[in-house]
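Observations on chain architecture
So the chains spell out like this:
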There are 2 protein chains.
Amino acid sequence: MRIGQLARRSGVSVRALRYYEEQRLLESARTPGGQRDYPDEALERVQLIQDLFAAGLSSRTVVELLPCVSTGVATPAMLDQLITERDRIAARIRDLNRARTKLGRVIENVTAASVVQD
Amino acid sequence: MRIGQLARRSGVSVRALRYYEEQRLLESARTPGGQRDYPDEALERVQLIQDLFAAGLSSRTVVELLPCVSTGVATPAMLDQLITERDRIAARIRDLNRARTKLGRVIENVTAASVVQD
DNA sequence: CTTGCACCTCACGTCAACGTCAGGTCGTAC
DNA sequence: GTACGACCTGACGTTGACGTGAGGTGCAAG
């Protein structure tokens, strides 16, 4: 599978895929002509990377954690980092819930005011 | 209240406070000598700004929404934007929950594997 | 009056995850 | 053999929320 097709299937840009390779997040075989050739599993890999990015992990963190995420084997240090990241995400979720609640109240306020105006 | 004290009380940097002013998120009176002088309400304001930033809103969005957040009065367009942002936050929370669950499973996996090794 | 910390205004630097452009190559269909 | 889209490698540009000096001023204390 070539890079354009992987890009379309995964929904990320060609540039992003090359960036992932540069960051050692994703490998590729090469055709004799030098073009990237991905196996089918690359699709899952890319989706996993996207999930971790979406969770706010940096590429440095992802490259450190990807091995144990895909193999299930981790050193104590990696386990620590996994837990740290999970807790960071949980904290972020709490922040977002606070903000959402706050915005929700503002919306109620505003809506109520406009109802009064009707 | 001067900028250093506001910074310490709110937990944001002096630079950030000046940046907020530059972005029209925060006003300040000036002493005859040209130094910023904040009223006590500035503290809540800064915390509100931080909450909205933490929720992933840009300073442009915040500057558009701050008036109705503090006054409770909004145009229909502002209400739309409020709802859009709230929904965006909700979607982000769903993403984060997915990622957290995923990491949680990885942690379980890894932990189980090490238990087996014991 | 001078020490010295807090404050001021530019204005360039940073960092991550790509976007974008230049200039050249691959591969396959005609 | 040529047309042409997909691909290649640099390498510079972008964006947001500040960080970080440089060089100068405000102000309360001794």
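Now for a look at the structure at hand. Owing to the predicted nature of the structure, the values given are computational and were not obtained by experimental measurement.

Attention shifts here to the protein's contact with DNA strand D. The local shell around DNA strand D holds 21 residues, among which Gly4(A), Arg18(A), Arg30(A), Arg36(A) and Ser13(B) are the closest. In DNA strand D, atoms within 4 Å of the protein come from the sugar-phosphate backbone in 73% of cases. Listed by contribution, the elements that provide at least two residues to the surface near DNA strand D are helix 1 (3-10) and helix 2 (14-22) of chain A together with helix 2 (14-22) of chain B. Here the surface near DNA strand D takes four residues from helix 2 of chain B, the largest share from any one element. The class makeup of the residues in the surface near DNA strand D is six nonpolar, nine polar and six charged.

Residue and element names in this part refer to chain A. Considering all chains together, one arrives at four aromatic pairs over all chains under this definition. Where Tyr-20 meets Phe-53, the ring centres are 5.7 Å apart and the plane angle is 65°; that geometry is what we call edge-to-face. Of this pair, Tyr-20 sits in helix 2 while Phe-53 is found in helix 3 (residues 42-54), placing the two residues 33 residues apart along the sequence. Phe-53 gets classed as partly exposed once you look at its relative accessible area, which sits at 25%. In textbook terms, an aromatic cluster arises when at least three aromatic residues are bridged by ring pairs, as seen for Tyr-19, Tyr-20 and Phe-53.

The subject of this paragraph is the protein's contact with DNA strand C. Near DNA strand C there are 21 residues, and of these Ser13(A), Arg15(A), Gly4(B), Arg18(B) and Arg36(B) occur at the shortest range. Counted by atom, the contact set of DNA strand C within 4 Å of the protein is 74% sugar and phosphate. In this structure, Gln35(A) approaches DNA strand C through a side-chain N or O atom, which is 3.4 Å from a sugar or linking oxygen. For DNA strand C, a phosphate oxygen lies 2.9 Å from a polar atom in the backbone of Arg36(B). Secondary-structure elements contributing two or more residues to the surface near DNA strand C are helix 2 of chain A together with helix 1 (3-10) and helix 2 of chain B. It is helix 2 of chain A that contributes the most residues to the surface near DNA strand C, four residues altogether.

Let's shift gears to the packing of helix 3 (residues 42-54) of chain B against helix 4 (residues 59-71) of chain B. Residue and element names in this part refer to chain B. Contact pair helix 3 / helix 4: the axes reach a minimum separation of 11 Å and the direction vectors enclose 130°. Between helix 3 and helix 4, the angle falls in the class oblique. Where helix 3 crosses over helix 4, the handedness of that crossing is right-handed. Taking contact as the criterion, the partners of Arg-45, Leu-48, Ile-49, Leu-52 and Phe-53 in helix 3 are, on helix 4, Ser-59, Val-62, Leu-66, Val-69 and Ser-70. Its residues assigned to classes, the contact of helix 3 with helix 4 comprises seven nonpolar, two polar and one charged.

This next bit is on the side chain of Ser28(A). Residues and elements named next belong to chain A. Within the element layout of this structure, Ser-28 appears in the loop between helix 2 and strand 1 (29-30). Side chain to side chain, Ser-28 and Glu-21 meet in a polar contact 3.0 Å long. Setting aside residues no more than four positions away along its own chain, Ser-28 makes contact with Glu-21, Arg-36, Asp-37 and Tyr-38.

Another aspect to go through is the layout of surface pockets. The space that makes up the largest pocket amounts to roughly 200 Å³. Taken together, Leu26(A), Glu27(A), Ser28(A), Pro39(A), Glu41(A), Ala42(A), Glu44(A), Arg45(A), Leu48(A) and Lys102(B) form the lining of the largest pocket. For the lining of the largest pocket, the leading source of residues is helix 3 of chain A, giving four residues.

Calculation notes
Along every chain, residues carry numbers that run from 1 in the direction the sequence is written. Here chains are named by letter from A upward and ligands by number from 1 upward, in the order in which they appear as written. At least 70 in pLDDT is required for a residue's local features to be given in this predicted model, at least 80 for side-chain atom pairs to be given and counted, and no such filter applies to totals for whole chains, interfaces and linings, which use all residues. Excluding hydrogens and water, the side-chain values take into account all heavy atoms of the structure. The nearness test applies per residue and asks whether one of its heavy atoms lies within 4 Å of the molecule or strand. Think of it this way: any DSSP run of H or I at least four residues long counts as a helix, any run of E at least two long counts as a strand, and we number them from the N terminus. Here the term charged refers only to Asp, Glu, Lys and Arg, the term nonpolar to Ala, Val, Leu, Ile, Met, Phe, Trp, Tyr, Cys and Pro, and the term polar to all other amino acids, Gly among them. The pairing test for Phe, Tyr and Trp rings, Trp by its six-membered ring, is centres within 6.5 Å, and the orientation test on the planes gives stacked under 30 degrees, edge-to-face over 60, and tilted for anything in between. Whether a residue is buried, partly exposed or exposed follows from its accessible area with a 1.4 Å probe, protein chains only, as a fraction of its type maximum: under 20%, in between, or over 50%, in that order. Under the rule applied, a polar contact is a pair of N or O atoms within 3.5 Å (in protein, one hydrogen donor and one hydrogen acceptor; residues adjacent in sequence only if both atoms are side-chain atoms). Axis definition: a line fitted to C-alpha atoms, limited for helices to the stretch in contact. Angles are taken between N-to-C directions and run from 0 to 180 degrees. The cut-offs work like this: below 35 degrees is roughly parallel, past 145 is roughly antiparallel, 65 to 115 is roughly perpendicular, and the gaps in between are oblique. Each helix crossing is assigned a hand: it is left-handed if the near helix lies turned anticlockwise from the far helix by less than a right angle, otherwise right-handed if that turn is clockwise. Pairs of residues are marked as contacts when any of their non-hydrogen atoms sit within 4.5 Å. A cavity here means a set of 1 Å grid points, computed over protein atoms only, where a 1.4 Å probe fits but cannot escape. A pocket is an open set with protein on both sides within 12 Å along at least 5 of 7 lines, and lining residues have an atom within 4 Å of a point. Grid points are joined across faces, edges and corners, and a volume is the space filled by probe spheres set on the points.

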